[in-house]
Amino acid sequence: MNPKFEKLGFHPADILLPKEGTDMRKWSVVACDQFTSQPEYWQAVEDTVGDAPSTLRLILPEADLNAPDVEDRIAGINASMDRYLSDGLFRTLEDSLFYIERTQSDGKIRHGLIGAVDLEQYDFTPGSGALIRATEGTVLSRIPPRVKVRKDAPIELPHVMLLIDDPEKTVIEPLARASSEMEKLYEFDLQQDGGHLTGWKLTAAQADAAADALEALCSPEEQACKYGVKNAAPLLFAVGDGNHSLATAKQCYEDLKKVTPESAWASLPARYALVEVVNNHDDALQFEPIHRVVFGVQPEAVLESLKAFYPGAYEGQGQGHVIAYTHAGGTGFLTVPEPRVQLAVGTLQAFLDAYIKEHGGEVDYIHGEDVTDRLGRQPESIGFKLPAMGKQQLFKTVMADGVLPRKTFSMGHAQDKRYYTEARKIR
């Protein structure tokens, strides 16, 4: 490993890309945790891909995690991975960092840096002092199904996005001005209105410069200046997207450690996970709220219970946490005055957890107000729409208070999420 990266928890990796001549539009599909309540989206992907090589064959859309044939589907995914490897579909770019530009659905360009993180430097426990931390609460029950997908997989395909707090734009933005010095690896339009994606391989000098800039970000002086704390454990990377995916990688690695001599831990491919790093101050990066739709309930009963859960809550918009709702009988707002937590999502989630535990029902986490309204109007359903959180507060909040409530925010619209393109061997 390049010694410049040793203390960063992030470094170059041997990255797999499909060989030249592959139809990249069919190869690349959106993150598996998107469009979970819209089977028509995934059918459109299926129709687009057909029999072509595709990451669709290497992932399990989360909408299918509880399908009756899920074990067979996971076995099929692993078999497809083995087949793609044995057929020589991939080429390996050794010890590499990628710089990528993603043109989003709004026309803005998001800039990213792809490499591997050391899972020894990552912890999703609330209040952790790890260099790489979760930003939202991790739902432990969501990890075992994902472990089933990953534990026997020979390769990983990442949709994890880590954020750095780099207001002076010292790490990634200089690469945008120097892409002409790099080897271009791919450029293509993404399917299903996903925008455009271009990727380059960094030169050795550019990788060194990125390492130096990352090291400066986690210096004690920089951390004290930005967060007003001294002698605190530095926070370099905050998980922006793919929290449960990275937690799953961590769990699989921890399971391997139990049956592997400690002297061999550093050589385990599963110790590392491929990620994209994005500057929290990237102009294209927007925090979007993640809304809730509750299925299998009587909406009026849910609203009455919400008002009873928070005495003083009332219909309409006022001072406090204002939550919009939609159901078959209409729309409205409910205000919780003098809330006990900082964010409206925390107020709503505490109620929903308690309500579903007592009365039943199922919650889905939805990107986009239109989809929330449409699903909320279905029989025995109700949708709740939440306000967005200011992204400038993310790192300060994590440093001061620990993780946010789960599914607090999303970075952009569903179609702007990471598309699976790169891969890495984990066995």
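Quick note: structure is the one above.
Residues numbered from 1 in each chain as written. Predicted model: local features only at pLDDT ≥ 70, side-chain atom pairs only at ≥ 80, totals over all residues. Heavy atoms only, no water.

A.B. asks: Tell me about the overall build of the protein chain, residues and numbers included.
C.D. replies: Within the protein chain one finds 12 helices and 23 strands. For the protein chain, whose C-alpha radius of gyration is 22 Å, the value lies close to the compact-globule estimate of 22 Å for 427 residues. Considering only C-alpha atoms, the protein chain reaches an extent of 60 × 55 × 45 Å along its principal axes. Taken across its 427 residues, the protein chain has 57% of its residues classed as buried. Considering only contacts in the protein chain between residues 6 or more positions apart, those separated by 24 or more positions represent 77%. Carbon and sulfur atoms make up 48% of the accessible area of the protein chain, which totals about 18,300 Å². Measuring between centres, the 44 positive side-chain charges of the protein chain sit 2 Å from its 63 negative side-chain charges. (Helix = DSSP H or I, 4+ residues; strand = E, 2+ residues; numbered from the N terminus. Rg over C-alpha atoms; globule rule 2.2 N^0.38 Å. Buried < 20%, exposed > 50% of the residue type's maximum accessible area, 1.4 Å probe, protein only. Contact = heavy atoms within 4.5 Å. Areas by Shrake-Rupley, 256 points an atom, 1.4 Å probe, with all protein chains shown as cover. Lys, Arg positive; Asp, Glu negative; His and termini not counted. Charge placed at Lys NZ, Arg CZ, Asp CG, Glu CD.)

A.B. asks: Which residues make up the environment of Leu-119, and what values go with them?
C.D. replies: The topology assignment puts Leu-119 in the loop between β6 (109-118) and β7 (122-123). Under the relative-accessibility criterion, Leu-119 is labelled buried at 0%. Setting aside residues no more than four positions away along its own chain, Leu-119 makes contact with Leu-246, Ala-249, Lys-250, Tyr-253, Ala-270, Arg-271, Tyr-272 and Ala-273.

A.B. asks: Tell me about unusual backbone geometry, and name the residues and values.
C.D. replies: For residues other than glycine, phi is negative in most cases, and the peptide bonds are mostly trans. Its identity as a non-glycine residue notwithstanding, Phe-35 has a phi of 55°, on the positive side. With respect to the element layout, Phe-35 can be found in the loop between β3 (29-30) and α2 (39-49). One non-glycine residue with positive phi stands out, namely Glu-338, at about 45°. Assignment of secondary structure puts Glu-338 in the loop between β18 (330-336) and α10 (344-359). Taking relative accessible area as the criterion, Glu-338 reaches 75% and is therefore assigned exposed.

A.B. asks: Outline the packing of aromatic side chains, listing residues and values.
C.D. replies: The tally for this structure, following the rule as stated, stands at 12 aromatic pairs. For the pair Phe-10 and Phe-237, a centre-to-centre distance of 5.7 Å together with 45° between the ring planes defines the contact as tilted. Of this pair, Phe-10 sits in strand β1 (residues 10-11) while Phe-237 sits in strand β13 (residues 237-241); the two residues are 227 residues apart in sequence, bridging distant segments of the chain. An identical accessibility class is assigned to Phe-10 and Phe-237; each is buried. Ring centres 5.6 Å apart and planes at 65° place the aromatic pair Phe-309 and Phe-351 in the edge-to-face group. Within this pair, whereas Phe-309 is found in helix α9 (residues 299-309), its partner Phe-351 is found in helix α10, the two being separated by 42 residues in sequence. For Phe-351, a relative accessible area of 1% puts it in the buried group. What links up through ring pairs into an aromatic cluster is the set Phe-309, Tyr-310, Phe-351 and Tyr-355. Just above the ring of Trp-265 sits the side chain of Lys-257; from NZ or CZ to the centre is 4.4 Å. (Phe/Tyr/Trp six-rings, centres within 6.5 Å; stacked < 30°, edge-to-face > 60°. Lys NZ or Arg CZ within 6 Å of the ring centre and 35° of its normal.)

A.B. asks: Which residues make up the packing of helix α4 (residues 143-150) against helix α8 (residues 243-257), and what values go with them?
C.D. replies: Interhelical geometry of α4 versus α8 gives an angle of 65° and a closest axis separation of 9 Å. Viewed along their axes, α4 and α8 adopt a mutual orientation that is roughly perpendicular. Crossing angle aside, the handedness with which α4 passes α8 is right-handed. Along the contact surface, α4 presents Ile-143, Arg-146, Val-147 and Arg-150, while α8 presents His-244, Ala-247, Thr-248, Ala-249, Gln-251 and Cys-252. Tallied by class, the residues present in the contact of α4 with α8 amount to 5 nonpolar, 3 polar and 2 charged. (Axes fitted to C-alpha atoms, helices over the stretch in contact; angles between N-to-C directions. Parallel < 35°, antiparallel > 145°, perpendicular 65-115°, else oblique. Left-handed = near helix turned anticlockwise from the far one by under 90°. Nonpolar A, V, L, I, M, F, W, Y, C, P; charged D, E, K, R; others polar.)

A.B. asks: Explain the nonpolar core to me, and be specific about the residues and the numbers.
C.D. replies: Grouped together as the largest cluster of nonpolar side chains are 48 residues, with contacts concentrated most on Trp-42, Leu-58, Phe-90, Phe-98, Ile-155 and Tyr-186. Aside from chain neighbours lying at most four places away, what touches Ile-155 is Leu-16, Leu-58, Met-81, Leu-85, Phe-90, Ala-423, Arg-424, Lys-425 and Ile-426. Val-160, Met-182, Trp-200 and Leu-217 belong to the second-largest nonpolar core, a separate cluster that totals 44 residues. (Core = buried A, V, L, I, M, F, W, Y, C linked by side-chain atoms within 4.5 Å.)

A.B. asks: Account for the state of the cysteines, with residues named and values stated.
C.D. replies: Taken as a whole and judged by the stated rule, the model has 0 disulfides. In this model Cys-252 remains outside any disulfide bridge; the closest cysteine sulfur is found in Cys-32, 13 Å from its own. (Disulfide = S-S within 2.5 Å.)

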